[in-house]
Structure formats: C-alpha cells, structure tokens
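# Close look at the chain arrangement
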Amino acid sequence: MKVSVTFLILGLLILLLEANPGIKVKITQKALDYGNQFGIELLKQKLKEKIFEDWNGESTYAFFALNYTISKIKIENMEFPNTSLSLISGTGIKLLVENASAMALADWSVETWLFKDSGRGAVFISGISLTAIVKVSQNVFGHLKLSLDSCKGDIDDMDIKLNQSYRWLYTYSTTSVVTSLCSVLASNLCHQVNFVIQKINKNFNQYPVQVQIGHFAVIDYSLLNSSTILESSIDLDLKGTVYPVEETTEPPFKPTPFVLLNENNSMFYIGISEYFLQSASLAYFISGAFTISAEQEEMLSSYFKLTTDTLNSIIPTISHIYAKPLPVIMNIRIIDAPVISLHDNKSILVFSASMEVLAKMPNSTTESMFTLNITTRTHADLTIFDRRLLTTLCLNSFHISLAHSNVGLFEASLLDNFLSYILRTGIIPAANFQLKDGFPLPVLDTIFLMKPSIRIYEGFLLISTDVQSLR
C-alpha cells in the first residue's frame, strides 16, 4: 500500500528535551507537491475498498408511494484532476480537492403497492470537493502526530443509471435519492481522510525514537518541540544526541544554536550539528569502540613483524638490554574522546593516544620499553549510502612525545616514519572499521534518497536531498 510521502517525510523525525536541537530537518513545499499524488492515491484506494451502508427512503409521486433501497455501493473509479497540499503558517497542512468525479456500482430495490423489483445500476458522481486542515504536533513519546483539525466535503450532483425498463422509476425519486446520497458520500470523504491520518500516525509510532548503532551507541531522534510551520516549509527540531548503549547520561557539553540556509530547491534538508558528532565520539569512547584488544595488539605486531632488532637503529640502547631479538608488542590506548570540529568545507577529528611498546620475554611475560604520547589530526570524508551518514578518517598529521622510557632517553621524532606507517596502515583502518555502520539518518525505511549532497559549514553539516517512495 502506498503511503503519503508528504506525511511520511514528516515522520522521518522525532525529538525531546534540550533547549537547542542537535539535528534540524526542513521539509519544503517541493516535498509536499511530490507527496500530494501519493496521499490522493491512498485516499482513492481507501474509498474504493469501502462498501457503503445501505440507504433506504420513500418518494411520493401522485398516488404512488415508492419505497427504495440502494445497497452495496462500491466505488469503481475516481478522478482527481485538481488537488494540492499547501502550508498554513503556524497551523499545519491544507488538503484541497476540486472537481473530482467518481463512478460507483450499487444494488437497488423498489416497492410500491402495485409491484416490487430490484436490479443493479451505476452511479456517476460529479463535482466532488474537499477541504481539510491537518495540524502537525507531537505525542508524549516524542513521535510526530497529525490530527484532523477541520474537514468539509461536498458533492454537486450524481446520476443514477438503472436498466432502461426501470428508468421511469428514477424520475419519481430523483430529488430525495440524489440529495441523500450526496450528503452521505460527502461526509464519508472526511471519515476516510481521518482514517488515512490515523494510519500515518500508526506508522509514526512504529518508527523508533531511539536507534542503535552497532554495539556501541544509541541515537535519540525524539521530537524536541512542536514543529514550526512556515509558508514554504515545515521545520523540525530533533534532540540529536548519541549515548553509549547502556547509559543515557547527558554529555557534559550542550548543543549550540545553528540556522539552516533559506533554501527550498530540494525536498528535504537535514542539518547535523557539531554537537551531534561530538556526542557520538564520546559515546563511542565510553563504549570502548576505540579500545584495541590484546588480540588486535598481537595482530598489529605480527602484521608489522616487530622485534627489538627493528628498533635498534633508532634506539641503540635496546641492543644492549636485549642481546637476542625478542618480539615486540604495541599497547595502543585512546586516552580521551576524539574532538570533532566542523569548519567551512572541512571536518577535523583530533584524538590523543598513548602507545606503550613492550618486549615479549621467552617466558611469555612482557617488559615495558617505552611509552609515547600521540596527538593525531585527521579529516573525515563524509558520504551517504542507504540512508546512513558514513565517515572515513584520513590522516593529516600527528605529533609524538616521549612519556616514559626504560631504555634510555631518545628523540621521539626519530620514530615519525615508523609511527606514520603504523597509523596509516593499522590504526586508522581499525578506527574506520569501527565506524563502518555509519549514522542512520532520521528517514523512514520506505524513503529512498535521490542524489543527496553534503555541505560543511561552521558548526554543522547540511544534507540536501530529494526523495522517492519505495512503496
């Protein structure tokens, strides 16, 4: 079943609790124009599925008292040549339908004091119009919520076609039958609009306000406050905070305000703040995503085939301490959450690490040789794939200093080439592996992003995209 992209796009999102949002979403009139066709298709489908209640009436003509029943009315076809969705500033969405028409089939039966008969006929309905105002708000759980604020449906006229031999019966009951059917069918239009809205709200409620990323973190996409309805867009503020998987303590920093550009060329804009990325960095750090296990340490050492002899040319005293070559193990530890900053056209990530280099003794114990402090500066390449923001780190520069040594003092910069190789071929790829799941965007699974683009500004990045329904 197709679902109105207009409203589904609204449900992309959801928020709670902070003065400033971590994520902003803008839905433009262009999105409403695209979604309008799907909303009308859904309304048409619901009307076609409905079998309306029976109508009973009585008409009097001369000395005839004619009792009639029209039953099993089922709409076979509908045409909506003029429909639109527009925004009412400060209120919500206006649905307008004009000059629609429909054809329905129905059973009929008549009874007079002279005879009774029945058959099947066609009902041609013209001049269908509908005006509905839908309010946009939020429920107590932080989901987006739609509600029908007002609705009025009208039907100008209809023509009931009976079998030719009974056509004369229609002339006795034209006014009462048509008036009754027009009134009931018009009221059912609003019932079906409300049904569609409740269906969409159900979809909203099924979309989680918290989304887990791999084994490390959870994103809170709850609605922060009521949406802002402007003449050209719907603006939504999402909490946009990332927490460690089993901890919901607020980060020690707050989101700073940011403003999306006044653009309406795309259907959909997502502004992701530096705060969101920084909370993700902290969540990953607390959850241990940047921890290198003993197995990984040995894997790195094996990959680089390090021995004490490897370091002799840089630190000559090692050969005096260890006469025979011994395997070397590197114990690498990120000592604080990486710091992320966004600037015009670039994103920078700086992390501080400690690397202890140990010799593995013949009895399988280890001896610490020296410890380095490392500050690494990387830039992040950002891409979007399958409704996820993917981050790939690339090394820019690093600085090392000697923190402690059991093999004598030496110039740490002598290890630059060695450490650069380790960072580029071991540590950075390991970090990218942990980030491979990316960050799921606040977009429903029924939406496909069309040619999304990313621009980076001071303090936030902006994703602009058109969308297409997958249903």
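### What to know about the overall build of the protein
Within the protein, the secondary structure is distributed over 7 helices and 21 strands. Counting across all 471 residues of the protein, residues that qualify as buried make up 51%.

### Considerations on the sheet that holds strand 9 (residues 217-220)
Taken in spatial order, the 3 strands of this open sheet run 8-9-12, and their pairing is antiparallel. Because the sheet does not close on itself, it has two edges, and the strands there are strand 8 (210-213) and strand 12 (241-244). In this sheet, neighbouring strand axes are inclined to one another by 30° on average, regardless of whether the strands run parallel or antiparallel. Examined bridge by bridge, strand 8 and strand 9 share 4 bridges and lie antiparallel to one another. Looking across to strand 9, one finds that V211 is bridged to I219.

### A few points about the sheet that holds strand 1 (residues 23-28)
Across the sheet, which stays open at both edges, the 6 strands sit in the order 10-11-1-13-21-20 with antiparallel pairing between neighbours. The open sheet is flanked by strand 10 (228-229) and strand 20 (447-457), the only strands paired with a single partner. As judged from the 9 bridges shared by strand 20 and strand 21 (residues 460-469), these two strands associate in the antiparallel manner. Bridge pairing in strand 21 links L449 to V467. Strand contacts of helix 2 (residues 29-49): strand 1 and strand 21, with the helix running at about 60° to strand 1, the strand carrying the most contacts. Where helix 4 (residues 274-286) meets the sheet, its contacts fall on strand 1, strand 13 (268-273) and strand 21, and the angle it forms with strand 13 comes to roughly 55°.

### Remarks on the pattern of salt bridges
With the rule as written, the count across this model stands at 7 salt bridges. In this structure, D237 and K24 form a salt bridge, with 3.3 Å as the shortest nitrogen-oxygen distance. Taken as a pair, D237 in strand 11 (residues 233-238) and K24 in strand 1 lie far apart in primary sequence, 213 residues in all. Its relative accessible area of 15% is what places D237 among the buried residues. Notably, a salt bridge pairs D466 with K30, separated by 3.3 Å at the nearest N-O pair. Within this pair, whereas D466 is found in strand 21, its partner K30 is found in helix 2, the two being separated by 436 residues in sequence.

Definitions and limits used
Residues numbered from 1 in each chain as written. Predicted model: local features only at pLDDT ≥ 70, side-chain atom pairs only at ≥ 80, totals over all residues. Heavy atoms only, no water. Helix = DSSP H or I, 4+ residues; strand = E, 2+ residues; numbered from the N terminus. Buried < 20%, exposed > 50% of the residue type's maximum accessible area, 1.4 Å probe, protein only. Pairing = 2+ DSSP bridges. Axes fitted to C-alpha atoms, helices over the stretch in contact; angles between N-to-C directions. Contact = heavy atoms within 4.5 Å. Salt bridge = Lys/Arg side-chain N within 4 Å of Asp/Glu carboxyl O.

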